[in-house]
Amino acid sequence: MLAKSVQDKMNDQIKHELYSAYFYLSMAAYLESNSLPGAAHWMRLQAQEELGHAMKFFDHIHDRGGKVTLQAIDQPPTEFNGLLDVFEKTLAHEKKVTSLINDLYALAVQEKDYASQIFLQWFVDEQVEEEKNAELIVQQIKMIGDHRASLFMLDRHLGEREAAEE
Ligand code: MG
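Criteria and cut-off values
Residues numbered from 1 in each chain as written. Predicted model: local features only at pLDDT ≥ 70, side-chain atom pairs only at ≥ 80, totals over all residues. Heavy atoms only, no water. Buried < 20%, exposed > 50% of the residue type's maximum accessible area, 1.4 Å probe, protein only. Helix = DSSP H or I, 4+ residues; strand = E, 2+ residues; numbered from the N terminus. Axes fitted to C-alpha atoms, helices over the stretch in contact; angles between N-to-C directions. Parallel < 35°, antiparallel > 145°, perpendicular 65-115°, else oblique. Left-handed = near helix turned anticlockwise from the far one by under 90°. Contact = heavy atoms within 4.5 Å. Nonpolar A, V, L, I, M, F, W, Y, C, P; charged D, E, K, R; others polar. Salt bridge = Lys/Arg side-chain N within 4 Å of Asp/Glu carboxyl O.

## Concerning unusual backbone geometry
Here is step 1: Unlike most non-glycine residues, Ser35 shows phi in positive territory, near 60°.
Here is step 2: Assessed through its relative accessible area of 61%, Ser35 is described here as exposed.
Here is step 3: For Lys112, which is not a glycine, the phi torsion comes out positive at approximately 55°.
Here is step 4: Inspection of the secondary structure assignment puts Lys112 in the loop between α3 (82-110) and α4 (114-144).
Here is step 5: A relative accessible area of 60% means that Lys112 is categorised as exposed.

So, in structure tokens, the structure goes:
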């Protein structure tokens with residue numbers, strides 16, 4: 001059985017993961033309408049992954065005999081200022097999610113909830129990847145600067161992202 005404190009925080013995390021999906025889908029819409037279909041594809045897959053993250057918490061709560069309570073999801077921003085802005089906001093958002101996961105892990109330790117600690121380790125690893133990927137793309141966009149042909153190539157490269165296994 002999940003401690004109520006852990007259950008409540010995991011329900012909050014479902015909301016955060018669903019908001020992440022909403023946020024990235026909003027970015028996908030912006031990129032699609034600004035002639036960056038490759039980056040839009042990347043963001044669409046990112047949104048799908050976030051839905052998967054929410055479902056992992058959904059399942060874990062149920063597996064442990066807890067109760068899922070879905071919450072209202074905030075409206076994401078709808079306007080962005082180019083590709084660099086989009087990926088800088090992605091990186092900042094992922095850093096925030098990392099701190100939420102770390103807080104959840106700390107709570108699981110405090111509650112001596114070993115099953116949740118093991119469950120959360122996947123997310124700890126995932127956040128390392130998320131931050132690394134976003135950071136790399138931010139750096140690449142900065143390298144490109146105003147070079148439009150390179151931006152075109154980067155967009156094509158982002159368009160080659162494949163859906164994750166999990
Ligand atoms: Mg996530």
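## Examining the packing of helix α1 (residues 4-32) against α4
Here is step 1: Two elements in contact, α1 and α4, have axes separated by 13 Å at closest approach and are oriented at 20°. Put simply, α1 runs roughly parallel to α4. Along this stretch, α1 crosses α4, giving a crossing that reads as left-handed. Between α1 and α4, the contacting residues are Val6, Met10 and Glu17 on the first element and Ser116, Phe119, Leu120 and Phe123 on the second.
Here is step 2: Across the contact of α1 with α4, the residue classes break down as five nonpolar, one polar and one charged.

## Section: the environment of Asn34
Here is step 1: By the secondary structure assignment, Asn34 is in the loop between α1 and α2 (37-63).
Here is step 2: Residues Asn34 and Ser99 lie 65 residues apart in sequence; the distance between their C-alpha atoms is 32 Å.

## As for the pattern of salt bridges
Here is step 1: Overall, the coordinates contain six salt bridges when judged by the stated rule.
Here is step 2: Of the charged contacts, one joins Arg161 and Glu49 as a salt bridge, the two residues approaching to 3.0 Å between their closest N and O atoms. Here Arg161 is found in the segment after α5 (148-158), whereas its partner Glu49 is found in helix α2, with 112 residues between them in sequence.
Here is step 3: Linking Asp113 and Arg64 is a salt bridge whose minimum nitrogen-to-oxygen distance equals 3.1 Å. In this pair, Asp113 is assigned in the loop between α3 and α4 and Arg64 in the loop between α2 and α3, connecting sequence segments 49 residues apart. The exposure classification of Asp113 matches that of Arg64, with both residues buried.

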